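Secondary and tertiary structure notes
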Amino acid sequence: MSLPPETVRQVDALVAEAQAAGRTPSLVLGVVRDGRLAHLAAAGEHPRPDAGLQYRVGSITKTMTAVLVMQQRDAGALALDDPLEAHLPGTGVGALTVRQLLGHAGGLQREPDGRWWERSEVGDLATVLAGVSERKIAYPPHRVYHYSNLAYGLLGGLLEAVTGTPWFDLLRQRLLEPLGMARTTYQATEPFARGYVVHPWHDTLREEPRTDTGAMAPAGQLWSTIEDLGRWAAFLADPDPAVLAPETLTEMCAPVVISDLDAWTGGHGLGVELYRCGERVYVGHGGSMPGYVACLAVHRPTRTSVVGFANSYGLRVGSLGALGQRLLTTVLDALPAPVTPWRPADAPPPAELAELTGRWWWMGKEFEFRADAAAGELRGGPVGNPSLRFVPEGPDRWRGRSGAQDGEILTVLRDEAGRAVALDIATFVFTRTTDEEP
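Residues numbered from 1 in each chain as written. Predicted model: local features only at pLDDT ≥ 70, side-chain atom pairs only at ≥ 80, totals over all residues. Heavy atoms only, no water.

**Observations concerning the sheet that holds strand β10 (residues 280-289)**
Definition in use: Only strands that DSSP links by at least two bridges are regarded as paired with each other. Secondary structure follows DSSP: runs of H or I at least 4 residues long count as helices, runs of E at least 2 residues long count as strands, and numbering of each begins at the N terminus. In this analysis, two residues are considered to be in contact whenever any of their non-hydrogen atoms come within 4.5 Å of each other. Only C-alpha atoms enter the line fits that serve as axes; for helices the fit covers just the stretch in contact. Angles between N-to-C directions range over 0 to 180 degrees.
Spatial strand order, β2-β1-β12-β11-β10-β9-β8-β7: eight strands in an open sheet with antiparallel pairing. Lying at the two open borders of the sheet, with one neighbouring strand each, are β2 (36-44) and β7 (257-258). Along the sheet, helix α8 (residues 226-237) contacts β1 (26-33), β2, β11 (292-299) and β12 (304-310); its crossing angle with β12, the most-contacted strand, is approximately 145 degrees.

Next up, the structure:
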């Protein structure tokens, strides 16, 4: 879906302004709609950006590492509440759980020991673990949100221990190849943008090193393009079930911790960041490596995303992230909400579903229940808003799958003649008329 011309103008203007204000050699952002790149906004000439030019994604790598962990969970190879020690013994922080590491809720310190890992050849996992002990736990688990790159180095080690496959080989086999992300690589592959530090006083450029971060690679090593990162954004909006179950991705987007307790505008799920922008919540992640920053923001309900790269720290990761979220909001505000067309049912619902439809009463208030014959589901709620979904779970037993009744049981109550006379929804009894006693 293409963007309206006025929206394109606004997006291009915001990107141009950000490039100039941030003194950024090369800045590019892409808008993704319904799985396709709908617009590319670019500014700068060092180098001239395009959709196929590689930049470093930094910590957006963590979202992919997290999906690999969830694939293993779904396969039964691990559980989220397993201690790290169960799969990667001898770390010194083995009591922390997989869930705590994914959500930055374990209190683990941010970095491994030694020189700054983003500009250093880190070495193998044994080298990292040599500096890890219980002293690396800064806070008790779930006390505070404490972002940890080290946590994702350990998760990469866990993945290799569980699967017997090195992290990047696993990533390539399980994510990059199935999703067609051929330009997402471990090391830079031409054409790619060099990363720079811009001198504060005379605007010259100093090229930054492109290090192999070794055992810390699962936290931030990858290189990608707008086209490939757009494919990843489309996956996070609407995953291919052959790669990850949609319900698992929804689980990943539920908050593990709130990251700003003063404002409640941000949080962290299982490997993804959560951003509240007005009445919308976006999922995604920021990224930075020396000379590079990146952003990823996804609005899952509308399958709309913004991805972006810059090749200097002039636009800090927070600034680029804020720009990406602002562009996403601009796009969503300009586009009408998608409407699913009504279609007639192919056939009447089965009798056990049809008899539950119509009006029901509870506490003097009227509710309506309708059949979704195609899905075999019962829909209910206040008159005019039957937004609750119930799926069959056995004779006269239905399981709630949305809203306040998610997970709750609806039981059909019958009279001596076998007629459905009441619906017991988690002890709240709905009757056919307002005068009937529950």
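**Looking at the pattern of salt bridges**
Spelled out, the test is: Salt bridge criterion: a side-chain nitrogen from Lys or Arg within 4 Å of a carboxyl oxygen from Asp or Glu. Exposed residues in this analysis have more than 50% of their type's maximum accessible area, buried residues have under 20%, and partly exposed residues fall in between, with area computed by a 1.4 Å probe over protein chains only.
Taken as a whole and assessed by the stated rule, the structure comprises 25 salt bridges. Here R210 and E207 are joined by a salt bridge, their closest N and O atoms 2.6 Å apart. Of the charged contacts in the structure, one is a salt bridge between R389 and E377, with a shortest N-O distance of 2.9 Å. Here R389, found in strand β16 (residues 388-394), pairs with E377, found in strand β15 (residues 377-382); they are twelve residues apart in sequence, far enough to count as distant. Of the residues examined, E377 reaches a relative accessible area of 9% and is grouped as buried. Taken together, the shared-partner salt bridges in this structure form one network comprising D372, E377, R379 and R389.

**Here's the deal with the pairing of β16**
As paired strands, β15 and β16 are joined by three bridges and run antiparallel to one another. Note that in β16 the partner of L378 across the bridge is F390. As consecutive antiparallel partners, β15 and β16 are separated by five residues, and within that stretch G384 has a phi angle of approximately 90 degrees, a positive value. Alignment of β16 against strand β17 (residues 397-400), held across four bridges, turns out to be antiparallel. Directly across from P392, in β17, lies its bridge partner W398.

**Observations concerning the packing of helix α2 (residues 61-74) against helix α6 (residues 167-176)**
Worth spelling out the cut-off: Reported orientations rely on four angle classes, namely roughly parallel under 35 degrees, roughly antiparallel over 145, roughly perpendicular from 65 to 115, and oblique for the rest.
Where α2 meets α6, the axes come as close as 10 Å, and the angle between the chain directions of the two elements is 80 degrees. Classified by the interaxial angle, the pair formed by α2 and α6 is roughly perpendicular. Packed against α2, whose contacting residues are T61, M64, T65, V67, L68, Q71 and Q72, the element α6 presents W167, L170, L171, R174, L175 and L176 at the interface.

**Describing the layout of surface pockets**
Our working rule: Only protein atoms enter the 1 Å grid used here. Points where a 1.4 Å probe fits but cannot escape make up a cavity, open sets with protein on both sides within 12 Å along at least five of seven lines make up a pocket, and a residue lines them when an atom lies within 4 Å of a point. Grid points are joined across faces, edges and corners, and a volume is the space filled by probe spheres set on the points. Gly is placed with the polar residues, together with every amino acid not listed as nonpolar (Ala, Val, Leu, Ile, Met, Phe, Trp, Tyr, Cys and Pro) or charged (Asp, Glu, Lys and Arg).
Of the pockets and cavities examined, the second largest pocket occupies roughly 370 Å³. R343, A371, D372, A373 and A374 are, among the 14 residues lining the second largest pocket, the residues nearest its centre. When residues of the lining of the second largest pocket are assigned to their parent elements, the largest contribution, three residues, is made by strand β14 (residues 365-372). Among the residues forming the lining of the second largest pocket, the class breakdown is nine nonpolar, no polar and five charged.

**Focus on the packing of aromatic side chains**
The geometry of an aromatic ring pair is captured by two quantities: the separation of the ring centres and the angle between the planes. Applicable threshold: Stacked, tilted and edge-to-face are the three classes applied to pairs of Phe, Tyr and Trp rings, where Trp contributes its six-membered ring and a pair requires centres within 6.5 Å; stacked means planes under 30 degrees apart, edge-to-face means over 60, and tilted covers the rest.
Scanning all chains against the criterion turns up ten aromatic pairs. Arranged with centres 5.1 Å apart and planes meeting at 5 degrees, the rings of Y55 and F309 form a pair that is stacked. Residue Y55 is located in strand β3 (residues 55-56), and its partner F309 is located in strand β12; the two are separated by 254 residues in the primary sequence. Accessibility assignment for this pair places Y55 and F309 in one class, buried.

**Observations concerning the side chain of E208**
Note the cut-off: Under the rule applied, a polar contact is a pair of N or O atoms within 3.5 Å (in protein, one hydrogen donor and one hydrogen acceptor; residues adjacent in sequence only if both atoms are side-chain atoms).
Here E208 is to be found in the loop between β5 (205-207) and α7 (217-220). When its relative accessible area of 6% is taken as the criterion, E208 is described as buried. Separated by 3.0 Å, the side chains of E208 and R206 make a polar contact.

**Notes on the environment of A345**
Summarising the element assignment, A345 is placed in the loop between α10 (317-334) and α11 (351-354). Placed 310 residues apart in sequence, A345 and G35 show a C-alpha to C-alpha distance of 29 Å.

**A short note on the environment of H46**
Of note, H46 is situated in the loop between β2 and β3. Residue H46 is classed as partly exposed on the basis of its relative accessible area of 48%. When the C-alpha atoms of H46 and A21 are compared, they prove to be 16 Å apart, with 25 residues separating the residues in sequence. If we ignore the near neighbours within four places in the chain, the residues touching H46 are P25, S26, Y196 and N311.

**Focus: helix α5 (residues 149-163)**
Test applied: In a helix, the anticipated span is given by 1.5 Å times the number of residues less one.
Under the 1.5 Å per step criterion, the end-to-end length of α5 is 22 Å for 15 residues, consistent within 8% with the ideal 21 Å. Burial runs high along α5: eleven of the 15 residues are buried. Those residues of α5 not exposed but buried are N149, L150, A151, Y152, G153, L154, L155, G156, G157, L158 and L159. Contact partners of the buried residues in α5: α2, α3 (98-102), α4 (125-129), α6 and α7. For α5, the N-terminal capping position is held by S148, with its side-chain oxygen 3.4 Å away from the main-chain nitrogen of L150. Phi turns positive, to about 75 degrees, at G164, one or two residues after α5.

**Here we look at the pairing of strand β9 (residues 273-277)**
With four of five residues buried, β9 is to be regarded as a mostly interior element. Pairing of strand β8 (residues 266-268) with β9, which is carried by three bridges, proceeds in the antiparallel orientation. In the sheet register, G267 faces β9, and the bridge partner there is L274. Here β8 hands over to β9 after four residues, with G271 in that stretch at a positive phi of 100 degrees.

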